[in-house]
Structure formats: C-alpha cells, structure tokens
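Analysis of the macromolecular model
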Amino acid sequence: GENVEQHPSTLSVQEGDSAVIKCTYSDSASNYFPWYKQELGKRPQLIIDIRSNVGEKKDQRIAVTLNKTAKHFSLHITETQPEDSAVYFCAATGGTSYGKLTFGQGTILTVHP
Amino acid sequence: KAGVTQTPRYLIKTRGQQVTLSCSPISGHRSVSWYQQTPGQGLQFLFEYFSETQRNKGNFPGRFSGRQFSNSRSEMNVSTLELGDSALYLCASSMDSSLSGNTIYFGEGSWLTVV
C-alpha cells in the first residue's frame, strides 16, 4: 500500500520568513495530493491540493509543487504569519485507493511574532 | 452549504462497552470515509463507503465497523472498547472518491475517551 513520509516533524520560523514542508510517497498510482492544516482541537482543513497532471499550484501565500518522477511534493508558505501556526499534514490517494487518504506524520509549524 | 456534521462531539465510555458515531456528509456527497486520529499513530484510514457499499477498508480489527444509509449518512461502531480506542474519530465526505482528484472534506470529529 501507499506510504507517505513527511519532514520535518517540527518547524519554527520568524514571522515573515518562508516555510517549506516536504513529503515523499511510494505508490506511483497516487494521483491526488492534498494538504491539510489542523489547529488545536479542530478538524483538518484543506488548504491546497495538487493533481498529478500539474507540477505546481499557487494560492496567495501558499504553493505546492509535485515531482512525479521523484515521487515527492512540497508545501511552501511565504510571508508566514502567527496564525499560520498549526499542524500541517500532507496526504496521497489515487488508483484503487479511492476514498483512502494516506497521511504523512504531520509537521508542527510555529511562527514567532 | 452545511459542512460535514458529526455527532456526538464528545463522549466517554467504559472499557468493554460499544459506541456508535454518526456522520452527515455535505449535501450531494455520496462518499463517506472514516479516520482515527491519535497522537501516536497520526491519522489512519478506517473505511470508506459509497452508495451504501464499503469500497475500501483500513487495517483495523473487526471491532470497528460501519455502514452507510440511502441518504449517504454514515455510522461507525466500535464494540468491546479498549483504552487504546481513545481517539478523535473523523468523518470525511466527497462527491465520489473514485474520481481522480476528488476533494475530501472533514468534519469536526468525535472525541472518544475510553476509561
């Protein structure tokens, strides 16, 4: 089955800096890669996603890149703000694993004012 | 448009009891999946239902079961509760998860504590 590795497990940045979180996946059949942000006690909230026919997607301060050959994808947050502090999860799904998101271990992002 | 709704939000059960959690997907969504979230194991897939049929199942014991009704609402049941079942149980819905790139939305979850 699919396996997703996420790094780093914790990330601390100063407000205004950029943050990058990286994930690798194992199943070449995976074709959809969402990123979720989870604040303490809240549900995972979709912040951006990318499909396998696209190499990069951007939404304001957030961008995601996908390298299908290397089987890795990354989340980039620019001009970080304290409210970006949360746990971020990458996930992968596709092929016959529909409805099944395989998640990375999560990254605790702390943005210091 | 209402989001994914889960009930109850919080519950405490005793070892050996059973529990039923409910999920109402976003209107128009026919796929419902369930996840368990714990600090040690992260987010783990339990099962997925579409049109009342279980299409995919994770690696959980048979004590964990679910079903989906004709209106797409879903329930999951955990029997003979163990302390290790204490977790946040998340329901997620999508239009049809078999479609490539189908977006999946999560509910607020049900916090289960087993004592």
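Please refer to the structure higher up on the page.
Residues numbered from 1 in each chain as written. Chains lettered and ligands numbered in written order. Predicted model: local features only at pLDDT ≥ 70, side-chain atom pairs only at ≥ 80, totals over all residues. Heavy atoms only, no water.

Quick look at the interface of chain A and chain B
Interface size, as often reported, equals the accessible area lost upon joining of the parts. Taken together, the contacts link 19 residues of chain A with 21 residues of chain B. Taking both partners together, chain A and chain B bury about 1800 Å²; carbon and sulfur atoms supply 57% of that area. The interface formed by chain A and chain B contains one salt bridge. Note that A:Arg43 is salt-bridged to B:Glu108, the shortest N-O span being 3.4 Å. (Contact = heavy atoms within 4.5 Å. Buried area = accessible area lost by both parts, 1.4 Å probe. Salt bridge = Lys/Arg side-chain N within 4 Å of Asp/Glu carboxyl O.)

With respect to unusual backbone geometry
The omega angle of the peptide bond from A:His7 to A:Pro8 is 0 degrees, so this bond is cis rather than trans. Tracing the sequence through the fold places A:Pro8 in the loop between β1 (4-7) and β2 (10-14). For the bond from B:Thr7 to B:Pro8, the omega torsion is -10 degrees, close enough to zero to count as cis. Relative to the helices and strands, B:Pro8 resides in the loop between β1 (5-7) and β2 (10-13). Positive phi outside glycine occurs at A:Glu79, with the angle close to 45 degrees. Topologically, A:Glu79 is positioned in the loop between β8 (72-77) and β9 (86-92). (Helix = DSSP H or I, 4+ residues; strand = E, 2+ residues; numbered from the N terminus.)

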